[in-house]
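Read off the chains here:
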Amino acid sequence: MGKLSGCAHLVPSPDADTAVMPATALLRPRSASPPRVWWADALAALAGLGLGITLALAISAESAGALRSPGGITTALGRLTGLVGAYGLLIVLLLAARLPAIERVVGQNRVIGWHRLLAPWTLVLIAAHGVLIAVGYAQAAGIHPARQLSILILSYPWVLAATVGFVLLVAAGVSSYRIARRRLSHETWWVVHLYTYLALALAFAHQIITGASFVGHPVARAWWIALWLGAIGAVLTHRIGQPALRSLRHRLRVIAVERDAPGVVTVILEGRDLDRLPLAGGQFAQWRFLTRERWWQAHPYSLSSLPRGDHIRITVKDLGDHSGGLASLRPGTRVALEGPYGNFTRHACRGDRLLLVGAGVGAAVLPALLEDLPEDTDVVVINRASTTADLVLREEITSLVSARGGALIELTGSRSDVRLDADRLRRLVPDIAGRDVYVCGPDELASSLLRSAAEAGVAHERLHHEAFSL
Ligand SMILES: Cc1cc2nc3c(=O)[nH]c(=O)nc-3n(C[C@H](O)[C@H](O)[C@H](O)COP(=O)(O)OP(=O)(O)OC[C@H]3O[C@@H](n4cnc5c(N)ncnc54)[C@H](O)[C@@H]3O)c2cc1C
């Protein structure tokens, strides 16, 4: 492994495990099957096809006479931008629906990234729709566009409601900008996002009741209704129905809370049929602890081990109200679960040599990943923290790495002392360029480490990252 400096050391293997979970070596836990990439490809193709059909129906609803009349082309463009914007909104909605077929293949980080990328463009298209329709109608009526806009909003059925919906969507967009997001609590941001469902309902009523592409065009109308029903069905199924069924089936409850590193606790849960959870090491779930204060909040935490018999667990650092409150959970507290989610799993791996890096509480995912890797995988693990006492799940990670004959490097010290640039990585892991690199930790550290790994020769598709923030 090369020469290591003062704050980094290769670790021998103690024998260790948690008190409540059965010992690692005794039981090989069950893991989920690989995600089906073709499902995600098929859904992407369907999204493209849907856009094509929508455009074709919208264009066929226009007549040559209407296009030649004053303002005809502007109005037609207004209808088209409105429809494409509304179709984009449906895709944005589906990207937030946590569809397992997409989520398990590309991971939540990327799906949410696409959601964030597409959402502002749909708002631009919808704003353009309002402006173009006002200008087109104004040209036909021979009045000023601003006056036409106020007539549209105040006198046309469902236009005021759609305008309110648009303002709600803009509020959700603004609340998601990084600067605003940092100032808002997660709960405020979430409530603002809940209003987007009301906004979508208002927009839909406006489209179907007054939209020129649908009124008098039964095929287009049936297509549009089917699209919206399908999208809402997908959201209800995956955000409410499936989590409710899973929670009822597995009947999870807290059985113990154990202290790990300072400010870090492991919550051990007991449930039924846990071998039926389609779970791979490295995944996370949204957890809802059903106490009077917490039942309405679901927070994402990664599994810190694969299910063992009736037991499952998470390891959490106190970073705020929710995470900090888990230390005081009482045994017997019921827990609802949404997920599992994420593609930070062995299925994303391109080879049989890995470097796993866990920084701070990011190391909590390492045991589950280690348990899930095929036996012949060659593993190097870096566990990074400010001090030795802060190394999360230290003994367990040490014994899991040693059980599979891997190498463990513990790196402690301040950020300025422990710089993981490309040279340092090459010294610590000389064959890093031939490994898949998995990094889980604070955003800043993870991004700089991934950059260093790329500089050290790791191919882009072999870099894997789980962000502990969205
Ligand atoms: C995929 C994923 C896996 C995670 N796994 C773990 C884990 O195994 N162990 C662990 O300790 N932490 C994990 N986290 C982080 C954990 O979700 C947050 O620390 C926790 O939700 C903070 O909530 P809070 O009320 O305690 O603090 P707050 O003060 O509300 O938030 C602290 C920080 O966490 C972010 N955050 C808050 N709520 C959420 C939420 N519902 N979704 C996403 N980000 C949120 C905030 O934006 C802020 O940056 C994970 C996060 C994600 C996205």
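Residues numbered from 1 in each chain as written. Predicted model: local features only at pLDDT ≥ 70, side-chain atom pairs only at ≥ 80, totals over all residues. Heavy atoms only, no water.

Looking at the overall build of the protein chain
Tallying secondary structure elements over the protein chain gives 15 helices and twelve strands in all. Within the protein chain, the fraction of its 470 residues that count as buried is 46%. Taking as baseline every contact in the protein chain between residues at least 6 positions apart, the subset at least 24 positions apart corresponds to 74%. Split by element, the accessible area of the protein chain, about 22400 Å² in all, is 62% carbon and sulfur. Across the protein chain, the 46 positively charged side chains and the 36 negatively charged ones have centroids separated by 8 Å. (Helix = DSSP H or I, 4+ residues; strand = E, 2+ residues; numbered from the N terminus. Buried < 20%, exposed > 50% of the residue type's maximum accessible area, 1.4 Å probe, protein only. Contact = heavy atoms within 4.5 Å. Areas by Shrake-Rupley, 256 points an atom, 1.4 Å probe, with all protein chains shown as cover. Lys, Arg positive; Asp, Glu negative; His and termini not counted. Charge placed at Lys NZ, Arg CZ, Asp CG, Glu CD.)

Focus: the pairing of strand S4 (residues 284-289)
One face of the sheet, then the other: side chains in a regular strand alternate in exactly this way. For S4, the tally of buried residues reaches five of six residues, placing the bulk of the element in the interior. Sheet topology note: the S4/strand S5 (residues 299-308) ladder contains four bridges and is antiparallel. Residue pairing for S5: Gln-286 is matched across the bridge by Pro-300. In this sheet, strand S7 (residues 334-341) lies alongside S4 in antiparallel orientation, the contact comprising five bridges. Residue Gln-286 lies in a different strand from S7, and its bridge partner there is Glu-338. (Pairing = 2+ DSSP bridges.)

Examining the packing of aromatic side chains
Overall, the coordinates contain six aromatic pairs when judged by the stated rule. Seen from their ring centres, Phe-214 and Trp-224 are 5.3 Å apart, and the 25° between their planes marks the pair as stacked. With Phe-214 in the loop between helix H9 (186-210) and helix H10 (218-250) and Trp-224 in helix H10, the pair connects residues that are ten residues apart, well separated along the chain. Judged by its relative accessible area of 4%, Phe-214 falls in the buried class. On the basis of relative accessibility, which here comes to 0%, the residue Trp-224 falls in the buried class. Three or more aromatic residues joined by ring pairs make a cluster, and in this case those are Phe-204, Phe-214, Trp-224 and Trp-228. (Phe/Tyr/Trp six-rings, centres within 6.5 Å; stacked < 30°, edge-to-face > 60°.)

Topic: the layout of surface pockets
Approximately 820 Å³ is the volume found for the second largest pocket. As for the second largest pocket, its lining consists of 35 residues, and the residues nearest its centre are His-129, Gly-130, Ile-133, Val-159 and His-206. Ranked by the residues each element gives to the lining of the second largest pocket, the list is headed by helix H5 (residues 108-141), at nine residues. Of the residues contributing to the lining of the second largest pocket, the split by class is 24 nonpolar, ten polar and one charged. (1 Å grid on protein atoms, 1.4 Å probe; cavity = no way out; pocket = protein on both sides within 12 Å on 5 of 7 lines; lining within 4 Å. Points joined across faces, edges and corners; volume = space filled by probe spheres on them. Nonpolar A, V, L, I, M, F, W, Y, C, P; charged D, E, K, R; others polar.)

Some words on the environment of Trp-158
Inspection of the secondary structure assignment puts Trp-158 in the loop between helix H6 (145-155) and helix H7 (159-176). A relative accessible area of 36% places Trp-158 in the partly exposed class. Sequence spacing of Trp-158 and Leu-202 is 44 residues, and the spatial spacing of their C-alpha atoms is 7.8 Å. In contact with Trp-158, not counting residues within four places along its chain, are Leu-202, Ala-205, His-206, Ile-209 and Thr-210.

A few points about the site of the ligand
Surveying the vicinity of the ligand reveals 20 residues, the closest of which are His-186, His-299, Pro-300, Lys-317 and Ser-323. Backbone polar atom of Lys-317 to an oxygen atom of the ligand: 2.8 Å apart, as the coordinates give it. Here an oxygen atom of the ligand and a backbone polar atom of His-322 are 3.0 Å apart. Protein coverage of the free-state accessible area of the ligand, which is 860 Å², stands at 84%. Residue contributions to the shell around the ligand peak at four residues, all from S5. When the residues that make up the shell around the ligand are grouped by side-chain class, the tally is ten nonpolar, eight polar and two charged. (Near = heavy atom within 4 Å. Polar contact = N/O pair within 3.5 Å; in protein donor to acceptor, adjacent residues only side chain to side chain.)

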